[in-house]
Amino acid sequence: MVMNYICVECKSTFPLESHKWKCDCGGLLNLEFDKKPVDFSKTSISKNHSLWKYIDTLPLEEADVWQEVTMGEGDTPLIKLAENLYAKAEYYMPTLSFKDRGAAVLIAMAKKLGIDRVVADSSGNAGSAIAAFGARAGIQCDIFVADSTSDKKIKQIEAHGAVIHKIPGTREDVANAAIAMVEDTQVFYASHIFNPLFWEGTKTYVYEIYEQMDGKLPEAFIIPVGNGTLLIGAYIAFKELLDNGQIDKMPKILAVQATACAPIQKAFLEGENLVSPVENNGTLAEGIAIAAPARGSEILKAVRETNGDIITITDEETMQARKELALKGFYVEITSAVNYAAYSKYVAKYPELIDQKVVLPLCGAGIKSN
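Residues numbered from 1 in each chain as written. Predicted model: local features only at pLDDT ≥ 70, side-chain atom pairs only at ≥ 80, totals over all residues. Heavy atoms only, no water.

Caption draft 1: Expanded view of the packing of aromatic side chains. Tallying each qualifying case throughout the model produces 12 aromatic pairs. Seen in terms of ring centroids, F40 and Y207 are 6.0 Å apart; in terms of plane orientation they differ by 25°. Their pairing is stacked. In this pair, F40 sits in helix 1 (residues 40-43) while Y207 sits in helix 8 (residues 204-212), placing the two residues 167 residues apart along the sequence. Here the aromatic residues F40, Y54, Y207 and Y210 are joined through ring pairs into a cluster of three or more. Positioned above the aromatic ring of Y350 is the side chain of K252, whose terminal nitrogen or guanidinium carbon lies 5.7 Å from the ring centre. (Phe/Tyr/Trp six-rings, centres within 6.5 Å; stacked < 30°, edge-to-face > 60°. Helix = DSSP H or I, 4+ residues; strand = E, 2+ residues; numbered from the N terminus. Lys NZ or Arg CZ within 6 Å of the ring centre and 35° of its normal.)

Caption draft 2: Fine view of the pattern of salt bridges. What the rule picks out here adds up to 20 salt bridges. Between E200 and K35 there is a salt bridge; the shortest N-O distance is 3.6 Å. With E200 in helix 7 (residues 197-202) and K35 in the loop between strand 3 (29-33) and helix 1, this pair connects stretches of sequence that are 165 residues apart. Between E200 and K203 there is a salt bridge, and its shortest N-O distance comes to 2.6 Å. With a relative accessible area of 0%, K203 lands in the buried category. Within this structure, K35, E200, K203 and E240 form a network of salt bridges that share partners. (Salt bridge = Lys/Arg side-chain N within 4 Å of Asp/Glu carboxyl O. Buried < 20%, exposed > 50% of the residue type's maximum accessible area, 1.4 Å probe, protein only.)

Caption draft 3: How the structure looks around the side chain of N227. Within the secondary structure, N227 sits in the loop between strand 10 (220-224) and helix 9 (229-243). If sequence neighbours within four positions are ignored, N227 has contacts with R171, H192, I193, I232, I290, P293, A294, R295 and I299. (Contact = heavy atoms within 4.5 Å.)

Caption draft 4: Spatial organisation of the pairing of strand 3. Only one face of strand 3 is covered, namely the one carrying L29, L31 and F33; the face carrying N30 and E32 has none of its residues buried. Bridge count between strand 1 (residues 3-7) and strand 3: five bridges; the pairing is antiparallel. Bridging across to strand 3, I6 finds its partner in N30. (Pairing = 2+ DSSP bridges.)

Caption draft 5: Seen up close, the sheet that holds strand 11 (residues 252-258). Read across the sheet, six strands follow the order 4-5-13-10-11-12 without closing on themselves; strand pairing throughout is mixed. Only two strands of the sheet have a single neighbouring strand rather than two, namely strand 4 (78-82) and strand 12 (309-313). Along the sheet, successive strands turn relative to each other by an average axial angle of 30°, direction set aside. Pairing of strand 5 (residues 85-89) with strand 13 (residues 358-362), which is carried by five bridges, proceeds in the parallel orientation. Looking at strand 13, one finds that Y86 is bridged to V359. Relative to the sheet, helix 13 (residues 337-349) contacts strand 4, strand 5, strand 10, strand 11, strand 12 and strand 13, its axis offset from that of strand 12 by approximately 120°. (Axes fitted to C-alpha atoms, helices over the stretch in contact; angles between N-to-C directions.)

Structure, rendered in structure tokens:
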């Protein structure tokens, strides 16, 4: 399988063995490789109940080392919350969050490349996922987190044998500290932001929904967005399904940000193509509290190309939504609740959504929040 990183700016290409995480020109990297359409007549009856049943569209092959890394991630339930509203219960994953989708693919590739140590930075869930799959693959992990990260997430990361680096300051300070270590040591950067292998895993979220809805997609996807790992993965899947003639139009992406930290919504409303950093005024939704998203331009492009929208949710609205979900039987972490809070706002803005199918993710389990 021919596969390369490609710079979004100058279009230079690099083999995966180069371990590049950005181009020499400073541009970010995407991934190019030959993909086959998924044969859903086969996946629907497959005995493989994990995301790896979509191997034809993933950057690994059937005989590759992913079988030594997988923990059964994927194939999470799609549950009806209300008429036309469905929740994808991503907290069924091995580390209790959707980040396992991307981590499984990224770490499987790292193992295939013979990498024995990786660095990652995270607000918590991605770090837990990288640490767990790294442990499974026999790869040492250095995980950088903010010193304000939930104690429960830090304990989970440490339990998998990763080295924790607690960094004071903002999420951007955490990323800068991780990047400094990568540049000093040349260790592989297993970043869910910079390494596009991660989105090849998160795109399977959409493939599963397509299959669970009998070869259709909902009219809209509500997706939380900080660094955009689920949103970009979903957009990639939309394009693949469209290119393969398996859908005839892309669903709307209805993105959600925290009111106290919403740089992407600001750029969207102002008609900008670039996202300028904002001040993070503090939010309980730590998973999307990203003041300077590196992939902001790509997120804006995805939302606009799907005729989507971006909305913000306050902490008060988030906590009320979390309470309402718990009373329905779903105990989710705080950041996950922004999706349910957003639904009522979107319905008020777009009344037609009441009669259309909408899917939102329950991204992480409630026991991961303090």
